[in-house]
Number of protein chains: 2
Amino acid sequence: MITLAVDCMGGDHGPGVTLPACRQFLEHHPDARLILVGGQDSLQGLVHERVTHVVASEVVTMDDAVEVALRRKKDSSMRVAIQQVKDGVAHAAISAGNTGALMAIARYLLKTLDGIDRPAIATQMPNAQGGATTVLDLGANVDCTAEHLLQFAVMGSALVSVLQDRDEPLVGLLNIGEEVIKGNDVIKKAGELLRSAAKSRDLNFHGNVEGNDIFKGTVDIVVCDGFVGNVALKASEGVASMIAGALKQEFSRNIFTKIAAIVAYPVLSAIMRRMDHRRYNGAALLGLRGLVFKSHGSADALAFEQALIRAYDAARNNLLDRVRARVAHAAPLLAAADAQPAS
Amino acid sequence: MITLAVDCMGGDHGPGVTLPACRQFLEHHPDARLILVGGQDSLQGLVHERVTHVVASEVVTMDDAVEVALRRKKDSSMRVAIQQVKDGVAHAAISAGNTGALMAIARYLLKTLDGIDRPAIATQMPNAQGGATTVLDLGANVDCTAEHLLQFAVMGSALVSVLQDRDEPLVGLLNIGEEVIKGNDVIKKAGELLRSAAKSRDLNFHGNVEGNDIFKGTVDIVVCDGFVGNVALKASEGVASMIAGALKQEFSRNIFTKIAAIVAYPVLSAIMRRMDHRRYNGAALLGLRGLVFKSHGSADALAFEQALIRAYDAARNNLLDRVRARVAHAAPLLAAADAQPAS
């Protein structure tokens, strides 16, 4: 039996989305239990034999500063959901709330694993191979050292080996060219650390990759700092939206294009399904002593259910132990990297 | 009469692409002259009353290190083309060659404008408004200070006011959120400098923008460091290619989808035309005492002609003087920014 703690109040839509998603999820997962966290009245919308309600009196809003979320709202649904993981009552917590607050509260309550300085946010993006590329970090860390990027690579490898069942997932370092001389000092040093890690068989390093490689599917995991990762993710969403908008506009231009749209509808919807970012919802917060998943704030019920499924898969496959084991295995390497003076 | 110096040997295809593009360009621009630079035999493919041939014995390859291009290949077609600008014989130089080498040679021969520490590469990306967003820097500078970002904003404003005829183009600072507290120290300080510049009316600053705003068309100009800009550009190209690939694959799946493709063909090609990145080819190297334009290395004749047109428009509209005037106007601001201790 897998138990997930759900922050039902987070995200743009709150219980209106989270509760229908939870109901769907329970139907599809007969061995799962859910702990729903939120306002007493809000939770009444989902009563189920495998559901427990835990009341929390506060809600972290999208505008709340991290400090407010962390210090003042001690009874927020987000915090109480993560507390269930800390207390060992739930295997994982899921929230669609404020990312900065979620990271801060999760880090404060759960602490980081030995050998990890900073947790990272890892998400999946669809690629041209028909699979998905895992990218981390995505916004938790705006300034990263080479050592952090190495830690991200180790944690990302654990995530992909668990969720996609790959023993030696291939890691790429996001850069502005494939040559080792490319990039700034942090990136060059990270490249050196990753090559050492590959030599000691702590991970499978491909080398530098460029922005387009995320979508080509050149590697399984792309490592970057949170600033670059966030820009790459949002720029990509921007392009996809622009193309979707252009498709709609061109197909609704006149009666002939509208007929073409009807004929092409099955094909167009197959493409939309393939590109549907909702299928990739659910980012893992890695490097903590507990499992926490982040849903996109604007997720609808289908997307939020994906985040629940991802957390469920991670819990069932012992992601936490696998990350811990990988990090422990790489401990001499991580310690050596930390001790090394900046080159 | 506008005279352009063309590095005919640069790019993946060399004269096979550059000469047909030059021929097309000459047909469409009766008041333009071209100085073709390259190997003696290679240039024979285009003889024209408004064309001069200048022979250069060497070629900078895509793999050449910057040092090799700069110090050893002193008779390269790239360098000789830029020399035409320095000598006042051509109004602008265009090359599809190695970006790093082009930037280094251009900077070495032409020098930067007073008040500009580093030249930047500015390109246009299509946006959902049906227009284009100018983004800089795109790879010239992997580590930027806040002062560099301010310089990019000033130069980008000059470029857009010239090429798109906008008096007060709107500038956005690429960040991971709209709030002023977002980002690392460099970005936060750049935000402060840009707000001061807006107060003193040196530019029209919108505030922070995110990756998707490039394609929404929220602002006319997006300013970022070269690393982030390069990743955003390539990630965007990656998404667009993936979607184009998916369209092709889904429409060729079976006889029914192939019929749908025929019916939808006019609409699909209208969309492809709108998204065609070749239409946006031709990036400006800004901040130099001379005009240099960079074409994508893989450009075909249509794309390379766009780069020629862009250089022609820039020369005809005195881009150089406009950038110089803007930078001079902002000189007290740029000097103050440089003098200010890091906050």
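Everything numeric in this text was worked out from a predicted model, so none of it was measured. (Residues numbered from 1 in each chain as written. Chains lettered and ligands numbered in written order. Predicted model: local features only at pLDDT ≥ 70, side-chain atom pairs only at ≥ 80, totals over all residues. Heavy atoms only, no water.)

Enquirer: Whenever I open this one, the domain arrangement of chain A confuses me. Can you help?
Expert: It is common to give the size of an interface as the accessible area that goes away when the parts come together. Residue and element names in this part refer to chain A. The domain boundaries assigned to chain A delineate domain 1 (2–114 + 281–324) and domain 2 (120–277 + 326–339). Between the C-alpha centres of domain 1 and domain 2 the distance comes to 24 Å. Counting from both sides, the interface comprises 18 residues of domain 1 and, opposite them, 19 residues of domain 2. When the two sides are added together, the surface that domain 1 and domain 2 hide from each other amounts to roughly 1,600 Å², 62% of it contributed by carbon and sulfur. Between the two partners, domain 1 and domain 2, sit nine residue pairs in polar contact (both at pLDDT 80 or more). Residues that form the side of domain 1 that touches domain 2 fall into these classes: eight nonpolar, five polar and five charged. (Domains from an automatic or database assignment. Contact = heavy atoms within 4.5 Å. Buried area = accessible area lost by both parts, 1.4 Å probe. Polar contact = N/O pair within 3.5 Å; in protein donor to acceptor, adjacent residues only side chain to side chain. Nonpolar A, V, L, I, M, F, W, Y, C, P; charged D, E, K, R; others polar.)

Enquirer: What is the right way to read the environment of Lys182 of chain B from this model?
Expert: All names here are of chain B. Of note, Lys182 is situated in the loop between strand E7 (170–174) and helix H7 (185–199). Of the residues examined, Lys182 reaches a relative accessible area of 30% and is grouped as partly exposed. In this structure the C-alpha to C-alpha distance between Lys182 and Asn208, which are 26 residues apart in sequence, comes to 8.7 Å. Here Lys182 is in contact with Asn175, Ile176, Gly177, Ile187 and Lys188, once residues within four sequence places are set aside. (Helix = DSSP H or I, 4+ residues; strand = E, 2+ residues; numbered from the N terminus. Buried < 20%, exposed > 50% of the residue type's maximum accessible area, 1.4 Å probe, protein only.)

Enquirer: Can you walk me through the pattern of salt bridges in this structure?
Expert: In a structure, side chains of opposite charge can pair up when their charged atoms sit close to one another. Residue and element names in this part refer to chain B. The final tally for this structure, using the stated rule, is 18 salt bridges over all chains. Between Lys189 and Glu147 there is a salt bridge; the shortest N-O distance is 2.6 Å. Taken together, the residues Lys189 in helix H7 and Glu147 in helix H6 (residues 146–163) connect sequence positions 42 residues apart. Each member of the pair, Lys189 as well as Glu147, is classed as buried. (Salt bridge = Lys/Arg side-chain N within 4 Å of Asp/Glu carboxyl O.)

Enquirer: Whenever I open this one, the sheet that holds strand E8 (residues 204–209) of chain B confuses me. Can you help?
Expert: Two strands in a sheet stick together by hydrogen bonds in their backbones, pointing the same way (parallel) or opposite ways (antiparallel). Residue and element names in this part refer to chain B. Pairing is mixed in the open sheet, where eleven strands are placed in the order E3-E2-E1-E4-E11-E10-E5-E6-E9-E7-E8. Only two strands of the sheet have a single neighbouring strand rather than two, namely strand E3 (51–55) and E8. Strand-to-strand twist across the sheet, computed as the mean angle between neighbouring axes with direction ignored, equals 25°. Here strand E5 (residues 120–126) runs beside strand E10 (residues 283–286); their pairing, made up of three bridges, is antiparallel. Paired with Ala120 across the bridge in E10 is Leu286. (Pairing = 2+ DSSP bridges. Axes fitted to C-alpha atoms, helices over the stretch in contact; angles between N-to-C directions.)

Enquirer: So what exactly am I meant to see when it comes to the nonpolar core here?
Expert: In globular proteins that are soluble, nonpolar side chains generally tend to be buried together. Of all hydrophobic cores here, the largest spans 248 residues; its most connected members are Leu36 and Phe251 of chain A together with Leu36 and Phe251 of chain B. Ignoring any residue separated from it by four or fewer positions in sequence, one finds Leu36 of chain A in contact with Val6, Cys8, Leu19, Cys22, Leu43, Leu46, Val51, Thr52, His53 and Val54 of chain A. (Core = buried A, V, L, I, M, F, W, Y, C linked by side-chain atoms within 4.5 Å.)

Enquirer: Looking at this structure, how should I read the sheet that holds strand E8 (residues 204–209) of chain A?
Expert: Residues and elements named next belong to chain A. Taken together, eleven strands build an open sheet; the order of strands is E3-E2-E1-E4-E11-E10-E5-E6-E9-E7-E8 and the sheet is mixed. Each end of this open sheet is capped by a strand with a single partner; those strands are strand E3 (51–55) and E8. Ignoring which end each strand starts from, the neighbouring axes of this sheet average 25° apart. Bridge analysis of strand E6 (residues 132–136) against strand E9 (residues 221–223) gives three bridges, and the strand direction is parallel. Directly across from Thr134, in E9, lies its bridge partner Ile221. Across the sheet, helix H5 (residues 99–110) touches strand E4 (92–95), strand E5 (120–126), strand E10 (283–286) and strand E11 (291–294), and the angle it forms with E11 is around 175°. Where helix H7 (residues 185–199) meets the sheet, its contacts fall on strand E7 (170–174) and E8, and the angle it forms with E7 comes to roughly 165°.

Enquirer: What exactly am I supposed to notice about the packing of helix H9 (residues 226–251) of chain A against helix H9 (residues 226–251) of chain B here?
Expert: Between two packed helices, both the angle of their axes relative to each other and the distance between the axes serve to describe the pair. Following both chains from N to C, one finds H9 of chain A and H9 of chain B inclined at 35°, their axes separated by 8 Å at the closest point. Crossing angle aside, the handedness with which H9 of chain A passes H9 of chain B is right-handed. On H9 of chain B, the residues that touch Phe227, Val228, Val231, Ala232, Ala235, Ser236, Val239, Ala240 and Ile243 of chain A of H9 of chain A are Phe227, Val228, Val231, Ala232, Ala235, Ser236, Val239, Ala240 and Ile243 of chain B. Each residue belonging to the contact of H9 of chain A with H9 of chain B can be placed in one class, and the counts come to 16 nonpolar, two polar and no charged. (Left-handed = near helix turned anticlockwise from the far one by under 90°.)

Enquirer: How should I be thinking about the interface of chain B and chain A in this particular structure?
Expert: With 47 residues of chain B at the interface, the matching set in chain A holds 47 residues. Both sides together, the interface formed by chain B and chain A hides about 4,200 Å², and carbon and sulfur atoms give 79% of it. When the buried surface of chain B facing chain A is broken down by residue, Ile176, Phe227 and Met242 of chain B rank first, second and third, together holding 16% of it. Linking chain B to chain A there are two salt bridges. In this assembly, chain B and chain A are joined by four residue pairs in polar contact (both at pLDDT 80 or more). Contributions of two or more residues to the side of chain B that touches chain A are made by H7, H9 and helix H10 (255–275) of chain B. Here the side of chain B that touches chain A gets 19 residues from one element, more than from any other, and that element is H9 of chain B. In the side of chain B that touches chain A, the residues fall into 27 nonpolar, 13 polar and seven charged.

Enquirer: Explain the environment of Thr257 of chain A here, please?
Expert: Assignment of secondary structure puts Thr257 of chain A in helix H10 (residues 255–275). In contact with Thr257 of chain A, not counting residues within four places along its chain, are Glu250, Phe251 and Ser252 of chain A together with Val267 of chain B. Only 3.2 Å separates the side chain of Thr257 of chain A from the backbone nitrogen of Arg253 of chain A, close enough to count as a polar contact.

Enquirer: Please explain a nonpolar patch on the surface as it appears in this structure.
Expert: Taken together, the side chains of Ile255, Phe256, Ile259 and Val263 of chain A together with Ile255, Phe256, Ile259 and Val263 of chain B define a hydrophobic patch exposed on the protein surface, amounting to about 820 Å² of accessible area. Mapped by element, the contributors of at least two residues to the nonpolar patch are H10 of chain A together with H10 of chain B. You can see Val263 of chain B is positioned in helix H10. (Patch = residues over 30% accessible without salt bridge, like charges linked within 9 Å, V, L, I, M, F, W, Y side chains within 5 Å. Areas by Shrake-Rupley, 256 points an atom, 1.4 Å probe, with all protein chains shown as cover.)

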